[in-house]
Amino acid sequence: MRAESLLFYDADCGFCRWSLARLLAWDRHRRVRPVAIQSAEGQRLLGDVSEAQRLSSWHLIGPDGRLHSAGAGAAPLLRTLSGGAPLAALLERFPSATEGAYAWVAAHRGRLGRLIPAAAKRRADARIRRRS
(Lines give C-alpha, C1' and ligand atoms only; values in the text may rest on other atoms or scores of the structure.)
Protein backbone atom coordinates (compact mmCIF):
# COMPACT_ATOMS: atom_id res chain seq x y z
CA MET A 1 0.00 0.00 0.00
CA ARG A 2 1.23 3.50 -0.89
CA ALA A 3 1.98 5.88 2.00
CA GLU A 4 0.99 8.89 -0.09
CA SER A 5 -1.49 9.91 -2.71
CA LEU A 6 -0.29 10.83 -6.18
CA LEU A 7 -2.09 13.78 -7.74
CA PHE A 8 -1.68 13.99 -11.52
CA TYR A 9 -2.09 17.45 -13.04
CA ASP A 10 -1.72 19.17 -16.42
CA ALA A 11 1.66 20.92 -16.27
CA ASP A 12 0.70 23.13 -19.23
CA CYS A 13 -2.38 24.55 -17.46
CA GLY A 14 -1.77 27.64 -15.33
CA PHE A 15 -5.04 27.23 -13.45
CA CYS A 16 -4.24 23.57 -12.75
CA ARG A 17 -0.81 24.45 -11.36
CA TRP A 18 -2.18 27.32 -9.25
CA SER A 19 -4.96 25.09 -7.85
CA LEU A 20 -2.50 22.30 -7.12
CA ALA A 21 -0.26 24.70 -5.21
CA ARG A 22 -3.23 25.72 -3.04
CA LEU A 23 -3.85 22.04 -2.23
CA LEU A 24 -0.17 21.46 -1.48
CA ALA A 25 -0.21 24.41 0.93
CA TRP A 26 -3.10 22.72 2.75
CA ASP A 27 -1.22 19.39 2.81
CA ARG A 28 0.98 20.10 5.83
CA HIS A 29 1.64 16.40 6.44
CA ARG A 30 2.96 15.92 2.88
CA ARG A 31 0.54 13.14 2.04
CA VAL A 32 0.10 14.28 -1.57
CA ARG A 33 2.83 14.12 -4.20
CA PRO A 34 2.21 16.03 -7.43
CA VAL A 35 3.01 14.30 -10.72
CA ALA A 36 2.72 16.03 -14.08
CA ILE A 37 0.55 14.02 -16.45
CA GLN A 38 3.03 14.78 -19.23
CA SER A 39 6.02 13.43 -17.28
CA ALA A 40 7.47 9.98 -17.89
CA GLU A 41 6.15 8.90 -14.48
CA GLY A 42 2.71 10.29 -15.27
CA GLN A 43 2.58 8.53 -18.61
CA ARG A 44 3.71 5.25 -17.04
CA LEU A 45 1.36 5.33 -14.06
CA LEU A 46 -1.62 6.47 -16.13
CA GLY A 47 -0.88 4.00 -18.91
CA ASP A 48 -4.32 2.37 -18.55
CA VAL A 49 -6.04 5.74 -19.05
CA SER A 50 -6.62 6.70 -22.67
CA GLU A 51 -4.47 9.54 -23.95
CA ALA A 52 -7.54 11.74 -24.47
CA GLN A 53 -8.74 11.15 -20.90
CA ARG A 54 -5.35 11.80 -19.33
CA LEU A 55 -5.42 15.53 -20.04
CA SER A 56 -9.17 15.99 -19.73
CA SER A 57 -9.03 15.97 -15.91
CA TRP A 58 -6.85 15.49 -12.90
CA HIS A 59 -6.29 11.99 -11.52
CA LEU A 60 -5.58 10.70 -8.04
CA ILE A 61 -4.03 7.41 -7.04
CA GLY A 62 -4.74 7.07 -3.35
CA PRO A 63 -2.77 5.20 -0.70
CA ASP A 64 -4.91 2.13 -1.49
CA GLY A 65 -3.68 2.20 -5.12
CA ARG A 66 -7.13 3.02 -6.55
CA LEU A 67 -7.39 5.52 -9.39
CA HIS A 68 -9.96 8.33 -9.17
CA SER A 69 -10.46 10.89 -11.93
CA ALA A 70 -12.26 14.23 -12.27
CA GLY A 71 -14.85 15.00 -9.56
CA ALA A 72 -14.66 11.45 -8.21
CA GLY A 73 -11.15 12.24 -6.97
CA ALA A 74 -12.18 15.25 -4.87
CA ALA A 75 -13.49 13.42 -1.79
CA PRO A 76 -10.60 10.92 -1.57
CA LEU A 77 -8.14 13.80 -1.94
CA LEU A 78 -9.86 15.86 0.75
CA ARG A 79 -9.78 12.90 3.13
CA THR A 80 -5.97 12.99 2.99
CA LEU A 81 -5.85 16.67 4.02
CA SER A 82 -6.05 17.91 7.60
CA GLY A 83 -9.63 18.92 8.33
CA GLY A 84 -10.83 17.84 4.89
CA ALA A 85 -13.06 14.95 6.02
CA PRO A 86 -16.24 17.03 6.59
CA LEU A 87 -15.99 18.58 3.12
CA ALA A 88 -15.24 15.15 1.64
CA ALA A 89 -18.40 13.78 3.27
CA LEU A 90 -20.43 16.61 1.76
CA LEU A 91 -19.03 15.96 -1.73
CA GLU A 92 -19.73 12.25 -1.38
CA ARG A 93 -23.32 13.02 -0.44
CA PHE A 94 -23.80 14.98 -3.67
CA PRO A 95 -21.69 13.21 -6.30
CA SER A 96 -23.62 14.59 -9.29
CA ALA A 97 -23.11 18.16 -8.09
CA THR A 98 -19.44 17.47 -7.39
CA GLU A 99 -18.92 16.02 -10.85
CA GLY A 100 -20.87 18.87 -12.45
CA ALA A 101 -18.83 21.52 -10.65
CA TYR A 102 -15.61 19.77 -11.61
CA ALA A 103 -16.72 19.51 -15.24
CA TRP A 104 -17.54 23.23 -15.34
CA VAL A 105 -14.14 24.20 -13.93
CA ALA A 106 -12.33 21.79 -16.27
CA ALA A 107 -14.18 23.22 -19.28
CA HIS A 108 -13.21 26.77 -18.29
CA ARG A 109 -9.71 26.23 -16.92
CA GLY A 110 -8.05 28.10 -19.77
CA ARG A 111 -10.16 31.18 -19.13
CA LEU A 112 -9.73 30.86 -15.36
CA GLY A 113 -5.96 30.51 -15.81
CA ARG A 114 -5.79 33.82 -17.65
CA LEU A 115 -7.25 35.52 -14.56
CA ILE A 116 -4.37 34.34 -12.37
CA PRO A 117 -1.43 36.77 -12.29
CA ALA A 118 1.90 35.54 -13.65
CA ALA A 119 3.54 36.08 -10.24
CA ALA A 120 0.98 33.77 -8.61
CA LYS A 121 1.72 31.10 -11.23
CA ARG A 122 5.46 31.44 -10.59
CA ARG A 123 4.90 30.97 -6.85
CA ALA A 124 2.71 27.94 -7.60
CA ASP A 125 5.41 26.45 -9.84
CA ALA A 126 8.00 26.92 -7.09
CA ARG A 127 5.78 25.15 -4.53
CA ILE A 128 5.17 22.26 -6.93
CA ARG A 129 8.90 21.91 -7.66
CA ARG A 130 9.64 21.72 -3.93
CA ARG A 131 7.10 18.90 -3.54
CA SER A 132 7.82 16.89 -6.70
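Use the structure listed above.
Here the structure is a predicted model, which is why all the values come from computation and not from measurement. (Residues numbered from 1 in each chain as written. Predicted model: local features only at pLDDT ≥ 70, side-chain atom pairs only at ≥ 80, totals over all residues. Heavy atoms only, no water.)

A.B. asks: Tell me about the overall build of the protein chain, and name the residues and values.
C.D. replies: Helix and strand counts for the protein chain stand at eight helices and four strands. On C-alpha atoms alone, the protein chain measures out to a radius of gyration of 14 Å, which is about the 14 Å that the 2.2 N^0.38 rule sets for 132 residues. Seen through its principal axes, the protein chain has C-alpha atoms that stretch 35 × 30 × 30 Å. The buried share of the protein chain, reckoned over its 132 residues, is 40%. (Helix = DSSP H or I, 4+ residues; strand = E, 2+ residues; numbered from the N terminus. Rg over C-alpha atoms; globule rule 2.2 N^0.38 Å. Buried < 20%, exposed > 50% of the residue type's maximum accessible area, 1.4 Å probe, protein only.)

A.B. asks: Tell me about the pairing of strand β1 (residues 5–9), and please be specific about residues and values.
C.D. replies: With five of five residues buried, β1 lies mostly within the body of the structure. Burial of β1 is two-sided: the residues Ser 5, Leu 7 and Tyr 9 facing one way and the residues Leu 6 and Phe 8 facing the other way are all buried. Remark: the β1/helix α1 (residues 14–26)/strand β2 (residues 32–36) crossover connection has right-handed handedness. Judged from the three bridges that link them, β1 and strand β3 (residues 59–61) form a sheet pairing that is antiparallel. (Right-handed = clockwise from strand over helix to strand, strands pointing away. Pairing = 2+ DSSP bridges.)

A.B. asks: Give me the layout of surface pockets: which residues, what numbers.
C.D. replies: Quantified by volume, the largest pocket comes out at close to 550 Å³. Lining the largest pocket are 25 residues, and of these Ser 19, Leu 23, Trp 58, Tyr 102 and Val 105 sit closest to its centre. Going through the elements one at a time, β1, α1, α4 (74–80), α5 (85–93) and α6 (95–107) are the ones with two or more residues in the lining of the largest pocket. Here the lining of the largest pocket takes seven residues from α1, the largest share from any one element. Here the lining of the largest pocket is composed, by residue class, of 19 nonpolar, three polar and three charged. (1 Å grid on protein atoms, 1.4 Å probe; cavity = no way out; pocket = protein on both sides within 12 Å on 5 of 7 lines; lining within 4 Å. Points joined across faces, edges and corners; volume = space filled by probe spheres on them. Nonpolar A, V, L, I, M, F, W, Y, C, P; charged D, E, K, R; others polar.)

A.B. asks: Which residues make up a nonpolar patch on the surface, and what values do they have?
C.D. replies: A cluster of nonpolar side chains, namely Leu 87, Leu 90 and Phe 94, defines an oily patch on the protein surface of about 270 Å² accessible area. Note that Leu 90 resides in helix α5. (Patch = residues over 30% accessible without salt bridge, like charges linked within 9 Å, V, L, I, M, F, W, Y side chains within 5 Å. Areas by Shrake-Rupley, 256 points an atom, 1.4 Å probe, with all protein chains shown as cover. Salt bridge = Lys/Arg side-chain N within 4 Å of Asp/Glu carboxyl O.)

A.B. asks: Break down the pairing of β2 for me, citing the residues and quoting the values.
C.D. replies: For β2, the tally of buried residues reaches four of five residues, placing the bulk of the element in the interior. Of the strand pairs in this sheet, β1 and β2 are connected by five bridges, and their pairing is parallel. Of the residues in β2, the one forming a bridge with Leu 7 is Pro 34.

A.B. asks: Requested: an account of the pattern of salt bridges, with residues and values cited.
C.D. replies: Counted according to the given criterion, the structure contains six salt bridges. With its nearest N and O atoms 3.1 Å apart, the salt bridge here joins Arg 33 to Glu 4. Within this pair, whereas Arg 33 is found in strand β2, its partner Glu 4 is found in the segment before β1, the two being separated by 29 residues in sequence. When its relative accessible area of 25% is taken as the criterion, Glu 4 is described as partly exposed. For the salt bridge of Arg 109 with Asp 10, the shortest nitrogen-to-oxygen distance reads 3.4 Å. Taken together, the positions of Arg 109 in helix α7 (residues 109–114) and Asp 10 in the loop between β1 and α1 put the pair 99 residues apart, joining distant regions of the chain. Connected via shared salt-bridge partners are Glu 4, Arg 33 and Glu 41.

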